[in-house]
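Spelled out from the first residue to the last, the chains are:
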Amino acid sequence: MPAAETIAGVLDDIRFHKDDYLIARLDSGVSVKGRMPRPQVGLEYEFEGRWQSHPKFGKTFVFDGYRTVYPKDTDAIRAYLQEHAKWIGPQISKRLIEAYGEKTLEVLKTDPERVSHEINGITPARAQEIADLLKENEKAEALQLELTRLFEGTRVPRKAVGQIVSEWREEAPAKVRGNPYCLIDEIDGIGFLTADHVAQKVGFVVTGKPRIQAGIVHVLKEAAGAEGHTCLPAAAVVARARELLGVSDTLVSEVLSEMVTKELLVSAGNNVYLPAMFEAERGIARRIR
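Residues numbered from 1 in each chain as written. Predicted model: local features only at pLDDT ≥ 70, side-chain atom pairs only at ≥ 80, totals over all residues. Heavy atoms only, no water.

1. Structural notes on the overall build of the protein chain
Working step 1: When its secondary structure is counted, the protein chain shows 13 helices and 8 strands.
Working step 2: Compactness check: the protein chain gives a C-alpha radius of gyration of 26 Å against a globular reference of 19 Å for 289 residues, more than 25% above the reference.
Working step 3: Its C-alpha atoms give the protein chain principal-axis dimensions of about 80 × 45 × 40 Å.
Working step 4: Pairs at least 24 apart in sequence give 51% of the contacts found in the protein chain among residues at least 6 apart. (Helix = DSSP H or I, 4+ residues; strand = E, 2+ residues; numbered from the N terminus. Rg over C-alpha atoms; globule rule 2.2 N^0.38 Å. Contact = heavy atoms within 4.5 Å.)

This is the structure in structure tokens:
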């Protein structure tokens, strides 16, 4: 895979934006695409990624990461404000630039009360609105960057990262670090092996209970999906989980028994079921009877 490159440019035209996925054009004419929760026309961005050629759409820069480069040129600042704060027109933007110059956006972000007192035509509510906008953009970018670094080198797909941001927002990094195996049930496209890779990266112990539990569930799901088994003998679950996880039979057996006690799994005879599979099999048996 070619080394990552960096390009920069002002976002000129958003051609598509849905579920945090962006296809856009920069002021240079370059097309870019990737995950960006809150793209803003008129802002300069620095993108990190790779070039991709498409027979129909031509050359496109596919980015994995980005950061905002807020405009410092006063004309660019005025254009940005008039684009994103609809109640700021030419006159008010001119007053802002005359008062704060290249530091206009920084002052708006950090001291909205000062702005509302010093600039005629900007109410406290409006000053706070644009301060919140700038802060939200920074938070969204920081979150995206942290997750990109967290999943770097793993098989977590880009689409899954977008879903993680959408569903968990600022809690996402802590939730992933707290238990990467929660990704399996809550995020589309992530299975045990991918979650396990993330867990190893963030320092999870290979003999830890969350890993053993996730491995046992994976064994039962694989038996159902690939082999058509609604259950497996307990001994088979232990053997397959031991092979998958690289831990002792004793450890797997202890965790398996605990999962049955807590009703995370169902034990019937010598067999072990996922609860949903047990209920499905029992329901079919009732209907046959």
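2. What about the packing of aromatic side chains?
Working step 1: Considering all chains together, one arrives at 8 aromatic pairs under this definition.
Working step 2: Consider the rings of Tyr-45 and Tyr-66, whose centres lie 6.0 Å apart with planes at 70°: the pair is edge-to-face. Here Tyr-45 is found in strand β4 (residues 44–54), whereas its partner Tyr-66 is found in strand β5 (residues 58–69), with 21 residues between them in sequence.
Working step 3: Its relative accessible area of 1% is what places Tyr-45 among the buried residues.
Working step 4: Summarising the aromatic geometry, the rings of Phe-63 and Tyr-66 are spaced 6.0 Å apart at their centres and angled 80° between planes, so their arrangement reads as edge-to-face.
Working step 5: Ring pairs connect the aromatic residues Tyr-45, Phe-47, Phe-63 and Tyr-66, which therefore count as one cluster.
Working step 6: Residue placement shows Lys-59 over the ring face of Trp-51; its charged tip is 4.9 Å from the ring centre. (Phe/Tyr/Trp six-rings, centres within 6.5 Å; stacked < 30°, edge-to-face > 60°. Buried < 20%, exposed > 50% of the residue type's maximum accessible area, 1.4 Å probe, protein only. Lys NZ or Arg CZ within 6 Å of the ring centre and 35° of its normal.)

3. Thoughts on the sheet that holds β5
Working step 1: Taken together, the 5 strands give a closed barrel; going around it, the order is β1-β2-β3-β5-β4, and neighbouring strands pair in mixed fashion. Pairwise comparison of adjacent strand axes, ignoring direction, gives a mean angle of 50° for this sheet.
Working step 2: Two strands pair when backbone bridges link them, and strand β3 (residues 31–35) and β5 are joined in this way by 3 bridges, in the parallel orientation. Opposite Ser-31, over in β5, you have Thr-60 as the bridge partner. (Pairing = 2+ DSSP bridges. Axes fitted to C-alpha atoms, helices over the stretch in contact; angles between N-to-C directions.)

4. Remarks on the pairing of strand β1 (residues 5–18)
Working step 1: Direction of pairing for β1 relative to β4: antiparallel, over a ladder of 6 bridges. When the sheet's bridge partners are listed, Glu-5 is paired in β4 with Gly-49.
Working step 2: Of the pairings in the sheet, the one linking β1 to strand β2 (residues 21–26) comprises 6 bridges and is antiparallel in character. By the bridge assignment, Phe-16 is partnered in β2 with Ile-23.
Working step 3: Linking two consecutive strands that pair antiparallel, namely β1 and β2, is a turn of 2 residues; a positive phi of about 50° is found at Asp-19 within it.

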